[in-house]
Amino acid sequence: MPSAEKIVDELKTWDVTHVIGLPDNGSAEIYRLFDGDAEVDVITVSREGEAFAIASGLYVGGKRPVVLIQNTGFLESGDAFRGTAFNMKIPLVTLIGYRGYHSMGADDDFVDTAATFLEPTLKAWGLPYKTIKTDDDVGYISDAFREADATSMPSAVLIVGICT
């Protein structure tokens, strides 16, 4: 699993000004590392859809925000994503915790459908993404920023677990 510290360090190389989202068990360590950071403001929301409206507004105001949410929250926020970041062509990077990834392909009867719905949804919405599974993949965050900047459209990074 990737370390929260490496993810935070990679985000800082892109002069991120705000991290917006709804903390969950997987992202809690990233939020904790940003807590009290003098250069990055953390904005927590009550619903993930709010994160896209806030991030889009911050971008229009000259800031460089990222959204940090879990896949269940991303699925919940589809219309807010579409109506703001996507339609406004905001080059917004979204980090999405990949809850349930390890249950896919399991031999038992339990598969977390949040995991099985995520990638088909991203593809249907035309949102480019890469998946971080280890520290070696953390550079995909930079790829997402480059993609977003080049296309003036949102991009995403899926994160399979986070370790401290």
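To start, this report covers the structure provided alongside it. (Residues numbered from 1 in each chain as written. Predicted model: local features only at pLDDT ≥ 70, side-chain atom pairs only at ≥ 80, totals over all residues. Heavy atoms only, no water.)

Next up on the list: the overall build of the protein chain. Along its length, the protein chain carries 7 helices and 6 strands. Along the chain direction, N to C, the helices and strands of the protein chain fall in the order α-β-α-β-α-β-α-α-β-α-β-α-β. Over its C-alpha atoms the protein chain spans a radius of gyration of 15 Å, differing by no more than 12% from the 15 Å that the globule rule assigns to 164 residues. Principal-axis analysis of the C-alpha atoms gives the protein chain an extent of 50 × 35 × 30 Å. Residues counted as buried form 48% of the 164 residues belonging to the protein chain. Looking at the protein chain alone, contacts between residues at least 24 apart form 73% of all its contacts between residues at least 6 apart. Element-wise, carbon and sulfur atoms account for 50% of the exposed surface of the protein chain, whose accessible area totals about 7800 Å². Distance from the positive charge centre (13 side chains) to the negative charge centre (25 side chains) of the protein chain: 6 Å. (Helix = DSSP H or I, 4+ residues; strand = E, 2+ residues; numbered from the N terminus. Rg over C-alpha atoms; globule rule 2.2 N^0.38 Å. Buried < 20%, exposed > 50% of the residue type's maximum accessible area, 1.4 Å probe, protein only. Contact = heavy atoms within 4.5 Å. Areas by Shrake-Rupley, 256 points an atom, 1.4 Å probe, with all protein chains shown as cover. Lys, Arg positive; Asp, Glu negative; His and termini not counted. Charge placed at Lys NZ, Arg CZ, Asp CG, Glu CD.)

It is worth spelling out empty space enclosed by the protein at this point. What the rule picks out here adds up to 1 cavity of 30 Å³ or more. Contributing to the lining of the largest cavity are Tyr59, Arg64, Pro65, Pro91 and Phe145. Residues of the lining of the largest cavity, tallied by class, amount to 4 nonpolar, no polar and 1 charged. (1 Å grid on protein atoms, 1.4 Å probe; cavity = no way out; pocket = protein on both sides within 12 Å on 5 of 7 lines; lining within 4 Å. Points joined across faces, edges and corners; volume = space filled by probe spheres on them. Nonpolar A, V, L, I, M, F, W, Y, C, P; charged D, E, K, R; others polar.)

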